[in-house]
Amino acid sequence: EAVAADWMLEFACHCLCRHFREGCPAEFQRWRDVAQALINGLSKIPTHQRKTVYICQLLIRIAKGRNLECHFENDQRISPLESALSFWTLLEKEEIKLEKLHEDIRRLIQIQIVAVHMETGYFKEAAEVLERLFTDSESDKPLRVKLATVIKSKDPYVPLLQSFSYNLLISKIKSYVELFMKENDSNFLIQAATKQAESKGLGATALQNETVNVSENNESNLETKQRFVFSSILLRGVLGQMQNYCLNVDLSLVWMYINCLLGLNSLQNVEKHEDALAYGRRRQRWTYKEDLELKSGVREFGVGNWAKILVHGDFNNRTSVMLKDRWRTLCKIE
(Lines give C-alpha, C1' and ligand atoms only; values in the text may rest on other atoms or scores of the structure.)
Protein backbone atom coordinates (compact mmCIF):
# COMPACT_ATOMS: atom_id res chain seq x y z
CA GLU A 1 0.00 0.00 0.00
CA ALA A 2 2.85 2.37 0.86
CA VAL A 3 4.59 1.63 -2.44
CA ALA A 4 1.40 2.19 -4.44
CA ALA A 5 0.68 5.43 -2.57
CA ASP A 6 4.25 6.55 -3.33
CA TRP A 7 3.72 6.00 -7.06
CA MET A 8 0.35 7.72 -6.98
CA LEU A 9 1.68 10.77 -5.14
CA GLU A 10 4.41 11.20 -7.74
CA PHE A 11 1.87 10.80 -10.52
CA ALA A 12 -0.60 13.19 -8.87
CA CYS A 13 2.18 15.77 -8.50
CA HIS A 14 3.06 15.37 -12.18
CA CYS A 15 -0.58 15.88 -13.19
CA LEU A 16 -0.89 18.87 -10.86
CA CYS A 17 2.20 20.47 -12.42
CA ARG A 18 1.01 19.77 -15.95
CA HIS A 19 -2.46 21.22 -15.46
CA PHE A 20 -1.05 24.26 -13.63
CA ARG A 21 1.38 24.88 -16.47
CA GLU A 22 -1.29 24.42 -19.13
CA GLY A 23 -3.90 26.50 -17.29
CA CYS A 24 -6.59 23.82 -16.87
CA PRO A 25 -8.41 24.85 -13.65
CA ALA A 26 -10.97 22.01 -13.61
CA GLU A 27 -8.37 19.27 -14.02
CA PHE A 28 -6.01 21.07 -11.63
CA GLN A 29 -8.75 21.08 -8.99
CA ARG A 30 -9.44 17.36 -9.52
CA TRP A 31 -5.79 16.41 -9.08
CA ARG A 32 -5.42 18.89 -6.23
CA ASP A 33 -7.99 16.85 -4.28
CA VAL A 34 -6.19 13.60 -5.12
CA ALA A 35 -2.77 14.96 -4.13
CA GLN A 36 -4.12 16.46 -0.90
CA ALA A 37 -5.81 13.19 0.05
CA LEU A 38 -2.57 11.26 -0.51
CA ILE A 39 -0.53 13.83 1.44
CA ASN A 40 -3.04 13.77 4.31
CA GLY A 41 -2.60 10.01 4.43
CA LEU A 42 1.12 10.31 5.23
CA SER A 43 1.96 9.92 8.90
CA LYS A 44 5.26 11.66 8.14
CA ILE A 45 6.77 12.87 4.88
CA PRO A 46 9.51 10.50 3.62
CA THR A 47 12.76 12.28 2.81
CA HIS A 48 12.59 11.36 -0.89
CA GLN A 49 9.02 12.75 -1.13
CA ARG A 50 9.63 16.11 0.53
CA LYS A 51 10.11 18.04 -2.69
CA THR A 52 7.06 16.38 -4.26
CA VAL A 53 4.86 17.31 -1.29
CA TYR A 54 6.22 20.86 -1.09
CA ILE A 55 5.56 21.50 -4.78
CA CYS A 56 1.99 20.19 -4.52
CA GLN A 57 1.31 22.41 -1.51
CA LEU A 58 2.94 25.41 -3.19
CA LEU A 59 0.84 25.11 -6.37
CA ILE A 60 -2.39 24.54 -4.42
CA ARG A 61 -1.81 27.78 -2.54
CA ILE A 62 -0.60 29.82 -5.51
CA ALA A 63 -3.78 28.83 -7.39
CA LYS A 64 -5.83 30.36 -4.54
CA GLY A 65 -3.45 33.27 -4.03
CA ARG A 66 -5.92 36.05 -4.71
CA ASN A 67 -8.66 34.64 -2.50
CA LEU A 68 -8.17 36.11 0.97
CA GLU A 69 -11.25 34.25 2.21
CA CYS A 70 -9.41 30.95 1.67
CA HIS A 71 -7.26 29.75 4.58
CA PHE A 72 -4.70 26.94 4.72
CA GLU A 73 -3.33 27.69 8.18
CA ASN A 74 -4.97 27.74 11.60
CA ASP A 75 -4.03 31.40 11.89
CA GLN A 76 -6.76 33.19 9.91
CA ARG A 77 -4.44 36.11 9.25
CA ILE A 78 -2.22 33.97 7.02
CA SER A 79 -3.24 34.42 3.37
CA PRO A 80 -2.79 31.65 0.75
CA LEU A 81 0.27 33.42 -0.68
CA GLU A 82 1.86 33.82 2.74
CA SER A 83 1.31 30.11 3.30
CA ALA A 84 2.79 29.45 -0.18
CA LEU A 85 5.88 31.42 0.80
CA SER A 86 6.55 29.03 3.69
CA PHE A 87 6.54 26.07 1.28
CA TRP A 88 8.72 27.98 -1.17
CA THR A 89 11.23 28.44 1.66
CA LEU A 90 11.19 24.68 2.27
CA LEU A 91 11.72 24.05 -1.45
CA GLU A 92 14.71 26.38 -1.52
CA LYS A 93 16.30 24.29 1.24
CA GLU A 94 15.88 21.17 -0.91
CA GLU A 95 17.78 22.67 -3.86
CA ILE A 96 21.10 24.35 -4.52
CA LYS A 97 20.55 25.24 -8.19
CA LEU A 98 18.32 27.83 -9.90
CA GLU A 99 19.34 30.56 -7.45
CA LYS A 100 18.27 33.43 -9.75
CA LEU A 101 14.85 31.88 -10.39
CA HIS A 102 14.44 31.16 -6.67
CA GLU A 103 15.23 34.76 -5.83
CA ASP A 104 12.79 36.09 -8.46
CA ILE A 105 9.94 33.89 -7.26
CA ARG A 106 10.55 34.70 -3.59
CA ARG A 107 10.50 38.44 -4.33
CA LEU A 108 7.35 38.12 -6.45
CA ILE A 109 5.50 36.17 -3.76
CA GLN A 110 6.47 38.72 -1.12
CA ILE A 111 5.34 41.64 -3.28
CA GLN A 112 2.09 39.96 -4.25
CA ILE A 113 1.22 39.11 -0.65
CA VAL A 114 1.13 42.86 -0.01
CA ALA A 115 -0.45 43.68 -3.40
CA VAL A 116 -3.39 41.28 -2.97
CA HIS A 117 -4.24 42.84 0.40
CA MET A 118 -4.06 46.34 -1.10
CA GLU A 119 -6.18 45.41 -4.12
CA THR A 120 -8.98 44.37 -1.76
CA GLY A 121 -8.62 47.52 0.37
CA TYR A 122 -7.00 45.81 3.37
CA PHE A 123 -4.27 48.41 3.93
CA LYS A 124 -3.95 47.82 7.66
CA GLU A 125 -3.56 44.08 7.08
CA ALA A 126 -0.99 44.81 4.36
CA ALA A 127 1.12 46.73 6.90
CA GLU A 128 0.79 43.89 9.42
CA VAL A 129 1.81 41.25 6.91
CA LEU A 130 4.84 43.34 5.95
CA GLU A 131 6.05 43.10 9.54
CA ARG A 132 5.71 39.31 9.45
CA LEU A 133 7.38 38.92 6.06
CA PHE A 134 10.74 40.51 6.60
CA THR A 135 13.54 40.07 9.06
CA ASP A 136 15.93 42.83 10.01
CA SER A 137 18.60 41.61 7.59
CA GLU A 138 20.25 44.20 5.35
CA SER A 139 19.46 42.20 2.20
CA ASP A 140 15.71 42.48 2.87
CA LYS A 141 15.80 46.17 3.78
CA PRO A 142 15.48 47.79 0.28
CA LEU A 143 12.35 45.81 -0.66
CA ARG A 144 10.86 46.26 2.82
CA VAL A 145 11.26 50.04 2.60
CA LYS A 146 9.75 50.19 -0.90
CA LEU A 147 6.73 48.12 0.13
CA ALA A 148 6.21 50.21 3.26
CA THR A 149 6.12 53.33 1.06
CA VAL A 150 3.63 51.66 -1.30
CA ILE A 151 1.34 50.75 1.60
CA LYS A 152 1.40 54.32 2.91
CA SER A 153 0.35 55.59 -0.53
CA LYS A 154 -2.71 53.26 -0.43
CA ASP A 155 -2.41 52.96 -4.20
CA PRO A 156 -2.46 49.34 -5.49
CA TYR A 157 -1.55 50.52 -9.00
CA VAL A 158 1.89 51.99 -8.33
CA PRO A 159 4.66 50.99 -10.80
CA LEU A 160 6.32 48.57 -8.37
CA LEU A 161 3.19 46.42 -8.01
CA GLN A 162 2.47 46.63 -11.73
CA SER A 163 6.01 45.58 -12.66
CA PHE A 164 5.91 42.60 -10.31
CA SER A 165 2.37 41.51 -11.14
CA TYR A 166 0.49 38.35 -10.23
CA ASN A 167 0.65 37.23 -13.88
CA LEU A 168 4.44 37.51 -13.76
CA LEU A 169 4.46 35.38 -10.60
CA ILE A 170 2.38 32.70 -12.32
CA SER A 171 4.72 32.81 -15.32
CA LYS A 172 7.79 32.32 -13.12
CA ILE A 173 6.15 29.47 -11.22
CA LYS A 174 5.33 27.81 -14.54
CA SER A 175 8.99 28.10 -15.56
CA TYR A 176 10.01 26.44 -12.32
CA VAL A 177 7.40 23.70 -12.76
CA GLU A 178 8.61 22.99 -16.30
CA LEU A 179 12.18 22.54 -15.05
CA PHE A 180 10.96 20.30 -12.26
CA MET A 181 9.04 18.09 -14.71
CA LYS A 182 12.05 17.76 -17.01
CA GLU A 183 14.31 16.77 -14.13
CA ASN A 184 11.76 14.35 -12.67
CA ASP A 185 10.52 12.47 -15.72
CA SER A 186 11.30 9.08 -14.14
CA ASN A 187 7.84 8.68 -12.61
CA PHE A 188 7.12 4.95 -12.51
CA LEU A 189 3.57 5.14 -13.86
CA ILE A 190 4.57 7.46 -16.72
CA GLN A 191 7.48 5.22 -17.69
CA ALA A 192 5.22 2.17 -17.63
CA ALA A 193 2.60 3.92 -19.76
CA THR A 194 5.23 4.90 -22.34
CA LYS A 195 6.48 1.31 -22.56
CA GLN A 196 2.91 0.07 -22.94
CA ALA A 197 2.23 2.52 -25.75
CA GLU A 198 5.44 1.57 -27.54
CA SER A 199 4.74 -2.16 -27.14
CA LYS A 200 1.40 -1.63 -28.90
CA GLY A 201 3.18 0.09 -31.78
CA LEU A 202 1.72 3.46 -30.93
CA GLY A 203 5.05 5.31 -30.73
CA ALA A 204 6.48 7.47 -27.97
CA THR A 205 4.03 10.32 -28.54
CA ALA A 206 0.95 8.14 -28.84
CA LEU A 207 -0.59 9.49 -25.67
CA GLN A 208 -0.35 13.06 -26.90
CA ASN A 209 -1.48 13.07 -30.53
CA GLU A 210 -4.03 11.70 -32.95
CA THR A 211 -2.19 8.43 -33.66
CA VAL A 212 -4.41 6.78 -31.06
CA ASN A 213 -7.36 7.40 -33.39
CA VAL A 214 -8.68 10.31 -31.38
CA SER A 215 -9.61 13.54 -33.14
CA GLU A 216 -7.75 16.67 -32.08
CA ASN A 217 -11.06 18.19 -30.98
CA ASN A 218 -11.87 15.38 -28.58
CA GLU A 219 -9.54 16.00 -25.65
CA SER A 220 -11.77 14.23 -23.15
CA ASN A 221 -11.64 11.05 -25.25
CA LEU A 222 -7.85 11.30 -25.40
CA GLU A 223 -7.61 11.61 -21.63
CA THR A 224 -9.94 8.65 -21.23
CA LYS A 225 -7.62 6.50 -23.32
CA GLN A 226 -4.61 7.75 -21.39
CA ARG A 227 -6.30 6.56 -18.20
CA PHE A 228 -7.06 3.21 -19.82
CA VAL A 229 -3.36 2.73 -20.57
CA PHE A 230 -2.33 3.63 -17.01
CA SER A 231 -4.97 1.38 -15.49
CA SER A 232 -4.11 -1.55 -17.76
CA ILE A 233 -0.50 -1.27 -16.70
CA LEU A 234 -1.35 -1.16 -13.03
CA LEU A 235 -3.64 -4.18 -13.23
CA ARG A 236 -1.64 -6.40 -15.59
CA GLY A 237 1.94 -5.39 -14.91
CA VAL A 238 2.42 -3.78 -11.53
CA LEU A 239 0.14 -6.11 -9.61
CA GLY A 240 1.76 -9.10 -11.28
CA GLN A 241 5.17 -7.89 -10.13
CA MET A 242 3.88 -7.28 -6.61
CA GLN A 243 2.46 -10.79 -6.43
CA ASN A 244 5.75 -12.20 -7.72
CA TYR A 245 7.36 -10.67 -4.66
CA CYS A 246 4.81 -12.49 -2.49
CA LEU A 247 3.01 -9.32 -1.42
CA ASN A 248 -0.56 -9.82 -0.27
CA VAL A 249 -2.61 -7.71 -2.70
CA ASP A 250 -6.38 -7.39 -2.62
CA LEU A 251 -7.12 -6.85 -6.33
CA SER A 252 -10.63 -5.55 -5.75
CA LEU A 253 -9.37 -2.82 -3.43
CA VAL A 254 -6.60 -1.85 -5.84
CA TRP A 255 -9.13 -1.67 -8.68
CA MET A 256 -11.34 0.61 -6.58
CA TYR A 257 -8.31 2.77 -5.76
CA ILE A 258 -7.38 3.13 -9.43
CA ASN A 259 -11.01 3.68 -10.36
CA CYS A 260 -11.27 6.54 -7.88
CA LEU A 261 -7.97 8.29 -8.59
CA LEU A 262 -7.68 7.90 -12.35
CA GLY A 263 -11.37 8.22 -13.18
CA LEU A 264 -11.45 4.97 -15.14
CA ASN A 265 -15.25 4.99 -14.93
CA SER A 266 -15.34 7.34 -17.93
CA LEU A 267 -14.24 4.39 -20.05
CA GLN A 268 -17.85 3.45 -20.46
CA ASN A 269 -17.98 6.25 -23.02
CA VAL A 270 -15.32 4.59 -25.18
CA GLU A 271 -16.96 1.99 -27.39
CA LYS A 272 -13.65 0.37 -28.26
CA HIS A 273 -13.23 -0.90 -24.70
CA GLU A 274 -16.86 -1.81 -24.01
CA ASP A 275 -16.33 -5.54 -24.52
CA ALA A 276 -13.22 -5.68 -22.35
CA LEU A 277 -15.10 -4.13 -19.45
CA ALA A 278 -18.49 -5.73 -20.11
CA TYR A 279 -18.40 -7.79 -16.93
CA GLY A 280 -18.58 -4.57 -14.92
CA ARG A 281 -20.95 -2.69 -17.20
CA ARG A 282 -24.01 -4.95 -17.51
CA ARG A 283 -27.17 -2.92 -17.00
CA GLN A 284 -28.79 -3.64 -13.67
CA ARG A 285 -31.69 -2.06 -11.83
CA TRP A 286 -30.93 0.35 -9.00
CA THR A 287 -32.09 -0.93 -5.63
CA TYR A 288 -33.78 1.15 -2.95
CA LYS A 289 -30.74 0.61 -0.72
CA GLU A 290 -28.38 1.94 -3.41
CA ASP A 291 -30.56 5.03 -3.85
CA LEU A 292 -30.32 5.68 -0.10
CA GLU A 293 -26.54 5.22 -0.24
CA LEU A 294 -26.34 7.71 -3.12
CA LYS A 295 -28.48 10.30 -1.32
CA SER A 296 -26.44 9.86 1.85
CA GLY A 297 -23.21 10.27 -0.11
CA VAL A 298 -24.43 13.48 -1.76
CA ARG A 299 -25.37 14.89 1.65
CA GLU A 300 -21.92 14.07 3.03
CA PHE A 301 -19.64 14.92 0.10
CA GLY A 302 -21.78 17.14 -2.13
CA VAL A 303 -23.02 16.89 -5.72
CA GLY A 304 -20.17 16.19 -8.14
CA ASN A 305 -17.88 14.25 -5.80
CA TRP A 306 -18.97 10.95 -7.34
CA ALA A 307 -15.61 9.19 -6.90
CA LYS A 308 -15.63 9.83 -3.13
CA ILE A 309 -19.27 8.77 -2.86
CA LEU A 310 -18.47 5.58 -4.78
CA VAL A 311 -15.56 4.64 -2.54
CA HIS A 312 -17.36 5.36 0.74
CA GLY A 313 -20.76 3.94 -0.27
CA ASP A 314 -22.09 0.39 -0.57
CA PHE A 315 -22.89 0.00 -4.28
CA ASN A 316 -23.27 -3.07 -6.45
CA ASN A 317 -20.62 -2.90 -9.20
CA ARG A 318 -21.25 0.78 -10.01
CA THR A 319 -19.02 3.51 -11.42
CA SER A 320 -18.95 7.21 -10.57
CA VAL A 321 -20.52 8.00 -13.95
CA MET A 322 -23.39 5.65 -13.10
CA LEU A 323 -23.80 7.49 -9.79
CA LYS A 324 -23.95 10.83 -11.59
CA ASP A 325 -26.55 9.55 -14.08
CA ARG A 326 -28.65 7.99 -11.32
CA TRP A 327 -28.57 11.22 -9.31
CA ARG A 328 -29.81 13.13 -12.36
CA THR A 329 -32.63 10.60 -12.71
CA LEU A 330 -33.57 10.85 -9.03
CA CYS A 331 -33.69 14.63 -9.28
CA LYS A 332 -36.08 14.41 -12.23
CA ILE A 333 -38.30 11.90 -10.40
CA GLU A 334 -38.47 14.00 -7.25
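Structure: see above.
What counts and what doesn't
Residues numbered from 1 in each chain as written. Predicted model: local features only at pLDDT ≥ 70, side-chain atom pairs only at ≥ 80, totals over all residues. Heavy atoms only, no water. Helix = DSSP H or I, 4+ residues; strand = E, 2+ residues; numbered from the N terminus. Expected span 1.5 Å × (residues − 1). Phe/Tyr/Trp six-rings, centres within 6.5 Å; stacked < 30°, edge-to-face > 60°. Buried < 20%, exposed > 50% of the residue type's maximum accessible area, 1.4 Å probe, protein only. Core = buried A, V, L, I, M, F, W, Y, C linked by side-chain atoms within 4.5 Å. Contact = heavy atoms within 4.5 Å.

**What to know about helix α1 (residues 2-22)**
Here is step 1: Compared with the 30 Å implied by 1.5 Å per residue over 21 residues, the 30 Å span of α1 between its first and last C-alpha is a close match.
Here is step 2: Once α1 ends, the next one or two residues include Gly-23, with phi positive near 70°.

**Quick word on the packing of aromatic side chains**
Centre-to-centre distance and the angle between the planes together describe a pair of aromatic rings.
Here is step 1: In total, this model carries 5 aromatic pairs according to the counting rule given.
Here is step 2: For the pair Phe-11 and Trp-31, a centre-to-centre distance of 5.4 Å together with 90° between the ring planes defines the contact as edge-to-face. Here Trp-31 lies in helix α2 (residues 25-40) and Phe-11 lies in helix α1, a separation of 20 residues in the sequence.
Here is step 3: Of the residues examined, Trp-31 reaches a relative accessible area of 3% and is grouped as buried.
Here is step 4: For the pair Trp-286 and Phe-315, a centre-to-centre distance of 6.2 Å together with 70° between the ring planes defines the contact as edge-to-face. You can see Trp-286 sitting in the loop between α12 (251-262) and α13 (288-301) and its partner Phe-315 sitting in the loop between α14 (306-312) and α15 (320-333), a full 29 residues away along the chain.

**Comments concerning the nonpolar core**
Generally speaking, nonpolar side chains in soluble globular proteins are found buried as a group.
Here is step 1: In terms of nonpolar packing, the biggest core is built from 63 residues, with Ile-62, Val-114, Leu-147 and Leu-169 touching the most fellow members.
Here is step 2: Setting aside chain neighbours within four positions, we find Val-114 in contact with Ala-126, Val-129, Leu-130, Leu-133, Leu-147 and Ile-151.

**Quick look at the side chain of Asp-291**
Here is step 1: Among the secondary structure elements, Asp-291 is positioned in helix α13.
Here is step 2: When its relative accessible area of 10% is taken as the criterion, Asp-291 is described as buried.
Here is step 3: The residues contacting Asp-291, other than those within four sequence positions of it, are Trp-286, Arg-326 and Leu-330.

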